[in-house]
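Residue-level listing of the chains:
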Amino acid sequence: MSLIIKNANLLGSNITDIKINNEKIEAIGNNLDEKDSEIYDAENKLVLPGGIDVHTHMSLDLGEYVAVDDFHTGTRAAAHGGTTCIVDHIAFGPKESYVSEMIEHYHELANNKAIIDYSFHGAVQDARDETLKQIEHLHINDGIVSEKIYTTYGGKLNDAEILKILKKAKETGTIICIHCENDGSIQELREEAEEQGNLDPIYHAKTRPAETEAEAINRLIYLSEIAGFPKLYIVHTSTELGLREIIKARKRGVKNLFCETCTQYLMLNESKYIDGGNEEAIKYIMAPPLRKQSDQDFLWEGIRNGDVDVVATDHCPFFYEKEKLPHKDNFMTCPGGVPGVEERVELIITEGLRRGIELERLVEVLMINPSKIFGLYPRKGNIIPGADADIIVLDEKEYTIKQDNRHSIVDYTTYEGMNSDYEVSTVLCRGNFILKDGEYLGKQGYGKFIKRKFDE
């Protein structure tokens, strides 16, 4: 049986009907044939494409700690917040392992668990010949068209290794996602802080200053230029300095350069490391850290004028009481990461509209651009005939985000007490109701792995 969504306020600008058949959007318009169709009346509510979050960390294994949301609980939370597809950044395997082994492991982690559709970014920690071959194989055969590399942490690469990977990405069309922080500077500042006993949460921000992000972004852009402009995607851009490097590069002609920021850098600032004392501040240990209000405002302007391409979450939750709070007096030992996969769509639409940004632009950074950049388009991220029927319905009503209305397994929300002007009430993934007028209908294992490709 087909489904017709009637009276949809599509993208906030057009009252229309949407017909769904065999998991796809069949037609959009008025006076659609309703024979043998289930009818869902959207009552002039705001109807948008399902959200796409291209930066999550489900079951991320850091060794001593593992992110507490798996592909069931994490995608359940995502669905309640209007996200119908994620692309997860996988963990590194053992030092000598290859990226393909971890992709296989993640298929095991996600299979028969996910509520919504999903894919993976590879994670590359070396530039061996076999690794370069696997980047190509995964791109062509397995639908893994993106790989992540780091300039800090244990799996960081040096510039020579990065250049080899960028050259291979140029050959294959693979998009390289980069965590940009200057590792040497951070290590020196952390050692200095430790020697001086400066271990309160605010020093997490002070030891990862904006310059460490901007320098690494600048360096990676020039390396991409040497490699012939492969697709380069800067993850979780958090500072004005970092975004200015991207803007300058584009102005001088750098191609295939994409910028992501995250909900936390748009909604919170570094006052969280001071207000409420260490017990509250320790919740917000993440990398990059929260920044100044001026950085936040500049990132919002970047969304307004098109300098920021994507808003994702970097969802990586750890239990507050058991895993965060014990480190309140030593930020260095605290597991880094915060929850956020549920709040992204509601908060970014709310705050964006309050700031006078057009809804169309917000839909671009939340749905359309992630889909286009990462090889999901036109199947995902839009409402057109032939696309997957990933559709969300939002009620225009103010409500308060708090822990007791969240759906992650974690024991706190990063956005406690914030008010949203919109609440996701109905969610369809491939034409099936995951949420219907607030009633949860999701089924564990319904989500499918999506092989991604670029139409080039």
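Residues numbered from 1 in each chain as written. Predicted model: local features only at pLDDT ≥ 70, side-chain atom pairs only at ≥ 80, totals over all residues. Heavy atoms only, no water.

The chain has the name Dihydropyrimidinase in an unreviewed UniProt entry, where Anaerococcus prevotii is given as its organism. In its Sequence similarities (unreviewed entry) section, the UniProt entry covering the chain states "Belongs to the metallo-dependent hydrolases superfamily. Hydantoinase/dihydropyrimidinase family." (UniProt positions renumbered as here; feature names shortened; annotations may be inferred.)

Draft legend 1. Broad picture of the packing of helix α11 (residues 293-305) against helix α14 (residues 359-373). Packing of α11 against α14 brings their axes to within 9 Å, and their N-to-C directions diverge by 100 degrees. One element, α11, and the other, α14, form an angle in the roughly perpendicular class. Together, W300, G302, I303 and R304 of α11 and R361, L362 and V365 of α14 make up the contact between the two elements. Looking at the contact of α11 with α14 residue by residue, the classes come out as four nonpolar, one polar and two charged. (Axes fitted to C-alpha atoms, helices over the stretch in contact; angles between N-to-C directions. Helix = DSSP H or I, 4+ residues; strand = E, 2+ residues; numbered from the N terminus. Parallel < 35°, antiparallel > 145°, perpendicular 65-115°, else oblique. Contact = heavy atoms within 4.5 Å. Nonpolar A, V, L, I, M, F, W, Y, C, P; charged D, E, K, R; others polar.)

Draft legend 2. Up close: the side chain of H72. Mapped onto the elements, H72 comes out in the loop between β6 (51-56) and α1 (73-80). One polar contact links H72 to Q444, side chain to side chain, over a distance of 3.4 Å. Among residues more than four places away in sequence, those in contact with H72 are K113, I115 and Q444. (Polar contact = N/O pair within 3.5 Å; in protein donor to acceptor, adjacent residues only side chain to side chain.)

Draft legend 3. Geometry of the pairing of strand β12 (residues 257-262). Of all the six residues making up β12, six are buried; the element is thus mostly covered by neighbouring parts of the structure. With burial as the criterion, each face of β12 is covered, one bearing L257, C259 and T261 and the other bearing F258, E260 and C262. In this sheet, β12 lies alongside strand β11 (residues 231-234) in parallel orientation, the contact comprising three bridges. Bridge pairing links L232 to L257 in β12. Where β12 meets strand β13 (residues 310-312), three bridges bridge the pair, whose relative direction is parallel. (Buried < 20%, exposed > 50% of the residue type's maximum accessible area, 1.4 Å probe, protein only. Pairing = 2+ DSSP bridges.)

Draft legend 4. Broad picture of the packing of aromatic side chains. Counted under the stated rule, the structure contains 13 aromatic pairs. Ring geometry for Y40 versus F433: centroids 5.6 Å apart, planes at 55 degrees, classification tilted. Within this pair, whereas Y40 is found in strand β4 (residues 37-41), its partner F433 is found in strand β16 (residues 432-436), the two being separated by 393 residues in sequence. Summarising the burial analysis for this pair, Y40 and F433 share the class buried. When the ring of F71 is compared with that of F120, the centres are 6.0 Å apart and the planes differ by 80 degrees; the resulting orientation is edge-to-face. Note that F71 is positioned in the loop between β6 and α1 and F120 in strand β8 (residues 117-123), a separation of 49 residues in sequence. When its relative accessible area of 0% is taken as the criterion, F71 is described as buried. (Phe/Tyr/Trp six-rings, centres within 6.5 Å; stacked < 30°, edge-to-face > 60°.)

Draft legend 5. Up close: empty space enclosed by the protein. All told, the structure shown has two cavities of 30 Å³ or more when counted by the stated rule. Lining the largest cavity are 14 residues, and of these P339, E342, E343, R406 and S408 sit closest to its centre. Split into classes, the residues belonging to the lining of the largest cavity amount to five nonpolar, six polar and three charged. Composition of the lining of the largest cavity by domain shows at least three residues from each of domain 1 (2-47 + 384-440) and domain 2 (50-374). (1 Å grid on protein atoms, 1.4 Å probe; cavity = no way out; pocket = protein on both sides within 12 Å on 5 of 7 lines; lining within 4 Å. Points joined across faces, edges and corners; volume = space filled by probe spheres on them. Domains from an automatic or database assignment.)

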